[in-house]
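# Per-entry structural report
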Amino acid sequence: MSGSGLILGIESSCDETAAAVVERGARTLSSVIASQIPTHARYGGVVPELASREHLRAIVPVVRAALAQANITLADLDAIAVTSGPGLAGALLVGLTYAKALSFAQGLPLIGINHLEGHIHAVLLNDRESLLKKNDSENMKDTGFSPYIQQPNSTGVLAPEVNSVDEPALALVVSGGHTHLYLARPRHGAWSYSLVGRTLDDAAGEAYDKVAKLLGFGYPGGPWIDALARFGDSRAVPFAFSQIKTKLHLAGKAPRTKAARSAPIANLNPHFLFSFSGIKTAVLRYVELNNLREEAQARAIRLFPSQALHSEQNEMPGAPGLASETWDPSAAQPTPTPPKTKEEALALCSQQILDLVASFQRAVVGDLMKKSFAAAEAVGARRILITGGVSANRELRSRFTVEGARRGLRIAFPTLSLSTDNAAMIATAAWPHFLSHEFADDSLAANPSLALGR
Ligand code: KG4
Ligand code: ZN
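Residues numbered from 1 in each chain as written. Chains lettered and ligands numbered in written order. Predicted model: local features only at pLDDT ≥ 70, side-chain atom pairs only at ≥ 80, totals over all residues. Heavy atoms only, no water.

Moving on: the overall build of the protein chain. Helix and strand content of the protein chain: 15 helices and 11 strands. Looking at the protein chain residue by residue over its 454 residues, the buried ones come to 54%. Considering only contacts within the protein chain whose residues lie at least 6 apart along the sequence, 77% involve residues at least 24 apart. Total accessible area on the protein chain stands at roughly 19200 Å², and carbon and sulfur atoms take up 55% of it. (Helix = DSSP H or I, 4+ residues; strand = E, 2+ residues; numbered from the N terminus. Buried < 20%, exposed > 50% of the residue type's maximum accessible area, 1.4 Å probe, protein only. Contact = heavy atoms within 4.5 Å. Areas by Shrake-Rupley, 256 points an atom, 1.4 Å probe, with all protein chains shown as cover.)

Right under this line is the structure:
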């Protein structure tokens, strides 16, 4: 143990194997991510069995790479933090088992982290990193913000910051598996979360992925729709909010999807509940009414020639022999990337499709905004933290920022690389737990539907 607050974070809840070393929840020494996108892209979604297998292949080299990049060894660490849920059972198990073994072998404390808490802390990590940069450049002038990195107190630990200007915060975690609103506040040195709202069915990212798949674009769908929507007329297809209206009649009833089951809905204000399955169905109906299916299928085959084969035969690709396999980032299969110019976009699809995706995105972002701002006002939030894969979306970032400025409410996003899954956010979220000695024991288990907060 170094005593300098070095935490190794490990993340394997979905389709990214990631490891990172973060100092005192405030300075990233390394962050390594092995993406499985090339593996899952041809199926148009994550195949859980393949995800576990890829995690097994990547976990050891990814952790080694994170230590090497940070220029440290296992002996320099103070703790190991690992995502224990929510996520895919088999995928979680790989990271968790490896983290447990490392902690046992090295005699290091183990900290189990909720993936959603990790996403929230991605924004806090950015806050602290920019503060450190500012302090460095201003020669450590007092900024009026009680920073994370300070001199240890008499007991040798660092006090977590309380930045009363920005708290409490409303956190919108918007990813492939979640669309959740939490009230987040630092309390007694740790963070507490209470659930304010969430989706009753599909997550926003799931809607992006399903619509992109339906239209014959790549996986994950968010970056494709993000890129294409810029070239379409977002008022062309009038997706009314009634198509993503809050299903008031479902409030109080048992949620239908796995994501929805991971958090209770009783006592939530029905106006802060989301539902994204309706808009996905509306896109499907539009595609059928306008005979766009063939165009979409032809595009899918053009982009992913092997996709049709795999889905028809329902076959798994050749299982790599684990013993002989190594993880080599440069060996990853190239996957098609979203177009960058209008010409490239039009070479890929019709203007009608561009208008459709622009209208879809406008409706989804509008709904996220409407409910998030209403919730922020209701709970008296001083700022909104927006995090998770969908927070990388350009339209979402600009519209939330403009509306926040209009209302005098600060809006914060993680940097793009911290928006999607990574392990730096896990190591960062672990820091307050480390300070309050909340360590896991042998019984820490992977929990695919782990809920956050009350
Ligand atoms: O947080 P994340 O990496 O993994 C989960 O925890 O689910 O989020 C992945 C999700 C996917 O659904 C992906 O389509 C979506 O984030 N996503 C985006 C964008 N980049 C990723 N959605 C909209 N716009 C983007 N630029
Ligand atoms: Zn995530």
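Picking up where we left off.
Let us look at unusual backbone geometry. Following Gly85, the chain continues into Pro86 via a peptide bond in cis, with omega recorded as -10°. Looking at where Pro86 falls in the secondary structure, it is placed in the loop between β4 (79-85) and α3 (89-106). A positive phi angle, near 60°, is found at Asn71, a position not held by glycine. Within the secondary structure layout, Asn71 lies in the loop between α2 (48-70) and β4. Classification of Asn71 by relative accessible area gives exposed; the value is 70%.

With that settled, consider the site of ligand 1. Taken together, 20 residues form the shell around ligand 1, and within it Gly176, Asp209, Gly222, Asp226 and Gly389 come nearest. At 3.0 Å, a backbone N or O of Gly389 approaches an oxygen atom of ligand 1. Considered on its own, ligand 1 offers 550 Å² of accessible surface; in the complex 91% of this is hidden by protein. Counting only elements with at least two residues in the shell around ligand 1, the list comes to α4 (115-137), α5 (204-214) and α6 (221-229). Of all the elements, α6 adds the most residues to the shell around ligand 1, at four residues. (Near = heavy atom within 4 Å. Polar contact = N/O pair within 3.5 Å; in protein donor to acceptor, adjacent residues only side chain to side chain.)

What follows is about the packing of aromatic side chains. Inspection of the entire model under this criterion finds six aromatic pairs. Between Phe217 and Trp224, the ring centres sit 6.1 Å apart and the planes meet at 25°, which makes this aromatic pair stacked. Aromatic ring contacts, followed pair by pair, group Trp431, Phe434 and Phe439 into a single cluster. (Phe/Tyr/Trp six-rings, centres within 6.5 Å; stacked < 30°, edge-to-face > 60°.)

Let's shift gears to the side chain of Ser13. Locating Ser13 in the fold gives a position in the loop between β1 (6-11) and β2 (16-23). Judged by relative accessible area, which is 2%, Ser13 ranks as buried. For Ser13, the side chain forms a polar contact with the side chain of His115, separated by 3.3 Å. Sequence-distant contacts of Ser13, defined by excluding residues within four places in its chain, comprise Thr83, Pro86, Gly87, Leu88, Ala91, Leu92, His115 and Asp421.

Keep in mind that low pLDDT regions are not for reading the predicted coordinates in detail. For the protein chain, mean pLDDT is 86; residues scoring 70 or higher make up 81% of the total. Segment residues 140-160: pLDDT under 50, and 37 contacts once partners within four positions in sequence are set aside and those in other chains are kept. For residues 309-324, every residue scores under 50 in pLDDT, and the model assigns this stretch 21 contacts once sequence neighbours within four places are set aside. (pLDDT = per-residue confidence, 0-100.)

All right, on to the coordination of the zinc ion (ligand 2) then. Distances from the zinc ion (ligand 2) to its protein donors, namely His115 (NE2), His119 (NE2) and Asp421 (OD), fall within the range 2.0 to 2.1 Å. Mapping the donors of the zinc ion (ligand 2) onto the primary sequence gives the spacing H-x3-H-x301-D. Residue His115 is located in helix α4, and its partner Asp421 is located in the loop between α14 (416-419) and α15 (424-435); the two are separated by 306 residues in the primary sequence. With relative accessibility at 6%, the residue His115 sits in the buried group. (Donors = N, O, S within 2.8 Å, 3.2 Å for Na, K, Ca; no water.)

With that out of the way, let us pick up the nonpolar core. Membership of the largest hydrophobic core comes to 59 residues, with the highest contact counts inside it found for Phe217, Phe239, Phe360, Leu368, Ile386 and Phe400. What Phe400 contacts, discounting residues up to four positions off in sequence, is Leu172, Leu368, Met369, Ser372, Phe373, Ile386, Ile411 and Phe413. (Core = buried A, V, L, I, M, F, W, Y, C linked by side-chain atoms within 4.5 Å.)

With that settled, consider the sheet that holds strand β5 (residues 110-114). Sheet architecture is open: five strands sit in the order β3-β2-β1-β4-β5, paired in mixed fashion. In the strand order of this sheet, the two ends are held by β3 (27-35) and β5, each with one partner. Neighbour-to-neighbour, the strand axes of this sheet turn through a mean angle of 20°, independent of strand direction. Direction of pairing for β1 relative to β2: antiparallel, over a ladder of six bridges. Across the sheet, Leu8 pairs through a bridge with Val21, a residue of β2. Packed on one face of the sheet, α2 meets β1, β2 and β3 and runs near 25° to β2. Where α15 meets the sheet, it contacts β1, β2, β3, β4 and β5, and its direction lies at approximately 130° from that of β1. (Pairing = 2+ DSSP bridges. Axes fitted to C-alpha atoms, helices over the stretch in contact; angles between N-to-C directions.)

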